[in-house]
Structures are given as C-alpha cells and as structure tokens.
Amino acid sequence: MTTGHDRAESSVTFAGIRTGINTTMTWVKSQAVSAILGLGPEVVGMLTMLKVGQCINIVFSAMLAKAVINGVQGDTFKRWVHK
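Residues numbered from 1 in each chain as written. Predicted model: local features only at pLDDT ≥ 70, side-chain atom pairs only at ≥ 80, totals over all residues. Heavy atoms only, no water.

(A) Here's a closer look at the layout of surface pockets. The volume enclosed by the largest pocket comes to roughly 640 Å³. Lining the largest pocket are 19 residues, and of these Met-25, Val-28, Ile-56, Asn-57 and Phe-60 lie nearest its centre. Elements that contribute at least two residues to the lining of the largest pocket include exactly helix 1 (4–37), helix 2 (41–49) and helix 3 (52–73). Grouping the constituent residues of the lining of the largest pocket by class yields 13 nonpolar, five polar and one charged. (1 Å grid on protein atoms, 1.4 Å probe; cavity = no way out; pocket = protein on both sides within 12 Å on 5 of 7 lines; lining within 4 Å. Points joined across faces, edges and corners; volume = space filled by probe spheres on them. Helix = DSSP H or I, 4+ residues; strand = E, 2+ residues; numbered from the N terminus. Nonpolar A, V, L, I, M, F, W, Y, C, P; charged D, E, K, R; others polar.)

Shown next, in the form of structure tokens:
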C-alpha cells in the first residue's frame, strides 16, 4: 500500500524530471537557433526548402519515444508503480 509520503516523493520526482527536460530542450533550441543564425541567408533558405527542420523534428521525436518506452519498461519505473 502506498503512503502519502510515497506519492509526494513520486510527484517531486516527476516534477524534477519535467523541469530538467524543459531546461534541456530550451538550451538545445537556443543553441540550434544561434547556430542557424550564424549561417548565411542563402544557406538558411536552402535548409528551409529542403525541410531540414521537419527532419530534425522527426528524429528527435523518435529518440524521445524510444526513451519513454525504455523508461516505462525499465526496472525503476516498475519499482515506482509497485510501491
């Protein structure tokens, strides 16, 4: 049986993970934008026409989905659920 303390601990853990992911994604986005702004306008136009942004989005989505699936199937998540 779970106690209030266990639920609070899980909530804090999930909140910490969410905050860490948000911070990381904000940093990655700012790094990508600054790198793209360093390119010339012709290169940026070419990347836009080639839909490179959509390709990057697909790759990151696949990586995130794989991480979530691994996390759900991992032992740590199972221990949280069975507490």
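(B) Molecular detail of unusual backbone geometry. In this structure, Lys-51 takes a positive phi of about 60° despite not being glycine. Summarising the element assignment, Lys-51 is placed in the loop between helix 2 and helix 3. With relative accessibility at 48%, the residue Lys-51 sits in the partly exposed group. (Buried < 20%, exposed > 50% of the residue type's maximum accessible area, 1.4 Å probe, protein only.)

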